[in-house]
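# Structural description and commentary
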Amino acid sequence: MPLTFTLDPAITPVLRDGILDLWADVSNAGGAVGFVPPVSREEIRPELLRHFVQLAEGRCRLLVGQDESGEVAATAFLTRNAHRLMTHWLWLYTVMVHPRHQGKGYGRDLLAAAADAARGIDGIEAIRLTCRGGLGLERFYASCGYKEVGRVPGAIRVAPGDDREDVIMLLPLG
């Protein structure tokens, strides 16, 4: 059953809690979304609130995928650039699909929905994202049309002595 995607949904307590649950479950399953396991919802909450502030300020848009039961199953944040010379592309952050839904094609669906949303934003010509090296994520993004445009060695410190590359990916929308 496909996910139902909504751009800019109303932020309700149920949605907030669903995103917190998703983020914790993805992180604790080893997903590269800004935390390392084990992590609690309360540790994630301040980061989600920062995203919500950007939403309220109009600098960010939220894309949510819900499963057939209405639960939050996927998210991505599309964030505009504040720099006047870079307003023709946006960042894609916190790209997540719940572990119970992985392997169903929902990651591809999420990225396609994000690209469609970006195309609907006036002046946006590309999406840029970064991913943690060492997990094969760059191969997945490449299979969805993203091109690797750079790597920063040792930019992500997962743990003492465990530094990873920050892989920069770009999807032209033209």
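### Re the overall build of the chain
Within the chain, the secondary structure is distributed over four helices and seven strands. What you see in the chain, going N to C, is helices and strands ordered as β-α-α-β-β-β-α-β-α-β-β. By the compact-globule yardstick of 16 Å for 174 residues, the chain fits well, its C-alpha radius of gyration being 15 Å. Along the first, second and third principal axes, the C-alpha atoms of the chain reach 45 × 40 × 30 Å.

### Regarding the nonpolar core
Generally speaking, a soluble globular protein has its nonpolar side chains buried in company with each other. Core analysis: the biggest nonpolar cluster contains 28 residues, and Leu92, Ile127 and Tyr146 have the highest contact counts within it. Those elements giving two or more residues to this core turn out to be strand E3 (72-80), strand E4 (89-97), helix H3 (106-119), strand E5 (126-132) and strand E7 (162-172). With eight residues, the single largest contributor to this core is H3. Beyond its immediate chain neighbours, meaning those up to four positions away, Ile127 contacts Leu90, Leu92, Ala114, Ala115, Ala118, Tyr146, Met169, Leu170, Leu171 and Leu173. Formed by 20 residues, the second largest nonpolar core is a distinct cluster that contains Ile19, Phe35, Ile44 and Leu55.

### Considerations on the pairing of strand E6 (residues 147-159)
When a strand is regular, its side chains alternate between the sheet's two faces. Sheet analysis places E6 next to E7, joined by eight bridges and oriented antiparallel. Bridging across to E7, Val152 finds its partner in Asp166.

### Points about the side chain of Glu138
Relative to the assigned elements, Glu138 resides in helix H4 (residues 137-143). Judged by relative accessible area, which is 12%, Glu138 ranks as buried. Discounting chain neighbours no more than four positions away, the residues touching Glu138 are Cys131, Arg132, Gly133, Glu148, Arg151, Val167 and Met169.

### With respect to the pattern of salt bridges
The final tally for this structure, using the stated rule, is 15 salt bridges. Two residues, Glu57 and Arg59, come together in a salt bridge whose shortest N-O distance is 2.7 Å. The shortest N-O distance in the salt bridge between Glu138 and Arg151 comes to 2.9 Å. Placement of Glu138 in helix H4 and of Arg151 in strand E6 is noted, with a sequence separation of 13 residues between them.

### Things to note about the sheet that holds E3
Reading across the sheet, the seven strands line up as E1-E2-E3-E4-E5-E7-E6 and stay open at both edges, with mixed pairing between neighbours. Both outer strands of the open sheet, strand E1 (4-7) and E6, are each paired with one neighbouring strand and no more. Along the sheet, successive strands turn relative to each other by an average axial angle of 25 degrees, direction set aside. Pairing geometry for E1 and strand E2 (residues 60-66), over four bridges, is antiparallel. Of the residues in E2, the one forming a bridge with Leu7 is Leu63. Where H3 meets the sheet, it contacts E1, E2, E3, E4, E5 and E7, and its direction lies at approximately 155 degrees from that of E4.

### Quick notes on the pairing of E5
For E5, the tally of buried residues reaches five of seven residues, placing the bulk of the element in the interior. Direction of pairing for E4 relative to E5: parallel, over a ladder of three bridges. Paired with Leu90 across the two strands is Ile127, which belongs to E5. Handedness of the crossover joining E4 and E5 through H3: right-handed. Two elements, E5 and E7, share seven bridges in a ladder whose sense is antiparallel. Paired with Cys131 across the bridge in E7 is Val167.

Calculation rules
Residues numbered from 1 in each chain as written. Predicted model: local features only at pLDDT ≥ 70, side-chain atom pairs only at ≥ 80, totals over all residues. Heavy atoms only, no water. Helix = DSSP H or I, 4+ residues; strand = E, 2+ residues; numbered from the N terminus. Rg over C-alpha atoms; globule rule 2.2 N^0.38 Å. Core = buried A, V, L, I, M, F, W, Y, C linked by side-chain atoms within 4.5 Å. Buried < 20%, exposed > 50% of the residue type's maximum accessible area, 1.4 Å probe, protein only. Contact = heavy atoms within 4.5 Å. Pairing = 2+ DSSP bridges. Salt bridge = Lys/Arg side-chain N within 4 Å of Asp/Glu carboxyl O. Axes fitted to C-alpha atoms, helices over the stretch in contact; angles between N-to-C directions. Right-handed = clockwise from strand over helix to strand, strands pointing away.

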